[in-house]
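# Close look at the chain arrangement
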Amino acid sequence: MRALRITLIVVVILGGLFVAADRIAVYIAESKAADKIKSSQGLTTTPNVSIKGFPFLTQVAGKELDEVDVGVDGLTTATGDGRSVRVTELDAKLHNVRISGSFSSASADRATGSAHISYADLSQAAGPGVTVGYDPSGSNKVKITGSLLGLSLSAHSQVTIVNGTTIRLHAESIPGGSIPQWEDKVREKADIERKIEGLPTGMRLDKVETTKDGIDVSVTGNDVQLTG
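Reading guide: rules and limits
- Residues numbered from 1 in each chain as written.
- Predicted model: local features only at pLDDT ≥ 70, side-chain atom pairs only at ≥ 80, totals over all residues.
- Heavy atoms only, no water.
- Helix = DSSP H or I, 4+ residues; strand = E, 2+ residues; numbered from the N terminus.
- Buried < 20%, exposed > 50% of the residue type's maximum accessible area, 1.4 Å probe, protein only.
- Contact = heavy atoms within 4.5 Å.
- Areas by Shrake-Rupley, 256 points an atom, 1.4 Å probe, with all protein chains shown as cover.
- Patch = residues over 30% accessible without salt bridge, like charges linked within 9 Å, V, L, I, M, F, W, Y side chains within 5 Å.
- Salt bridge = Lys/Arg side-chain N within 4 Å of Asp/Glu carboxyl O.
- 1 Å grid on protein atoms, 1.4 Å probe; cavity = no way out; pocket = protein on both sides within 12 Å on 5 of 7 lines; lining within 4 Å.
- Points joined across faces, edges and corners; volume = space filled by probe spheres on them.
- Pairing = 2+ DSSP bridges.
- Core = buried A, V, L, I, M, F, W, Y, C linked by side-chain atoms within 4.5 Å.

Right, let's get into the overall build of the chain. When you go through the chain residue by residue, the secondary structure sums to four helices and eleven strands. Residue burial in the chain is summarised as follows: out of 228 residues, 36% are buried. In the chain, 50% of the contacts between residues at least 6 apart in sequence involve partners at least 24 apart. Total accessible area on the chain is roughly 12800 Å²; 55% of this is exposed by carbon and sulfur atoms.

What follows is the structure in structure tokens.
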């Protein structure tokens, strides 16, 4: 019985050491992954990286991680037209992440996530003299306010996703649109398209929803190639 108790104690101690080593390894891996994402994407802040699943060491040995969660605040992304959009919050879940033999790159079988863009940041991305705000008149609508030829104008715009890469704001109707060429001039300010560049290969914008604080965008992807 004494030998059995000693054996059990040894097993418990070794098990505890394994768990501790496993958790330490996870912490180190998360820290290095966060630094790598920050440098590769040119971020000004360090993202939060959380590696799910236990034990971690056996996942590394098999070069496949069950799930990796990434959160980034204050991400600024190019729009392809010389402007940029600041994304207030970006959260992504990467599933079945395969690691290369040299651990220099990775890809995920599937990815889901969400991003939030405030109206203040959306207004800045729209251009000088244009304000984008909440529109309670209908779902997925925003209110565009600006000035043209000394006149203050407002339009109700529908927000949609185009080709999985672009956020489009399109005015349903234009005030004073019966004046010749007036509608074209107003739409130059009211109709806005901002292509979001820099998404990992395999990821795309999926759906958009307007809220009182801004717009929420869901992202999804398959066979997502992560930056090495």
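Before going further, it helps to examine a nonpolar patch on the surface. Taken together, the side chains of Ile24, Tyr27 and Ile28 define a hydrophobic patch exposed on the protein surface, amounting to about 340 Å² of accessible area. Among the secondary structure elements, Tyr27 is positioned in helix α1 (residues 2-41). For Tyr27, a relative accessible area of 60% translates into the label exposed.

On to empty space enclosed by the protein. Taken as a whole, this structure holds two cavities of 30 Å³ or more when the rule is applied. By volume, the second largest cavity is sized at about 60 Å³. Breaking the lining of the second largest cavity down by element, the ones donating at least two residues are β8 (166-171) and β9 (192-195).

Let us now look at the environment of Thr131. Along the chain, Thr131 falls in strand β5 (residues 130-134). Each C-alpha atom of the pair Thr131 and Ile144 lies 5.8 Å from the other, and the pair is 13 residues apart in sequence.

The next point concerns the side chain of His95. Mapped onto the fold, His95 is located in strand β3 (residues 84-99). By relative accessible area, which is 15% here, His95 ends up buried. Those residues in contact with His95, other than ones at most four positions away along the chain, are Asp66, Glu67, Ala108, Asp109, Arg110 and Thr112.

Right, let's talk about the pairing of β9 for a bit. Across the two faces of β9 the burial differs, with Ile192 and Arg194 buried and Glu193 and Lys195 not buried at all. In this structure, β8 lies alongside β9, joined through four bridges in antiparallel fashion. Each bridged residue has a counterpart across the sheet, and for Ile167 the counterpart in β9 is Arg194.

Across soluble globular proteins, nonpolar side chains have a tendency to be buried as a group. Val68, Val132, Ile144, Ile167, Leu169 and Ile215 are the most contacted members of the largest nonpolar core, which has 46 residues in total. The contacts of Ile215, once residues within four sequence positions are left out, are Ala115, His116, Ile117, Tyr119, Leu122, Ile167, Val208, Glu209 and Thr210.

To continue, consider unusual backbone geometry. Cis geometry is adopted by the peptide bond preceding Pro55, which originates at Phe54 and carries an omega value of -5°. Of note in this structure, Asn96 is not a glycine but carries a positive phi near 55°. A positive phi is found at Asp223, a non-glycine position, where the angle reads about 50°. Overall, Asp223 belongs to the partly exposed group, its relative accessible area being 43%.

For Leu75, the position within the fold is in strand β2 (residues 64-78). By relative accessible area, which is 17% here, Leu75 ends up buried. Placed twelve residues apart in sequence, Leu75 and Val87 show a C-alpha to C-alpha distance of 5.0 Å. Here Leu75 is in contact with Leu43, Val85, Arg86, Val87 and Leu90, once residues within four sequence places are set aside.

A few words now on helix α3 (residues 119-126). Buried residues dominate α3, accounting for six of its eight residues. Those residues of α3 that fall on the buried side of the exposure criterion are Tyr119, Asp121, Leu122, Ser123, Ala125 and Ala126. Note on α3: the residue one or two positions beyond its end, Gly127, has a positive phi of about 125°.

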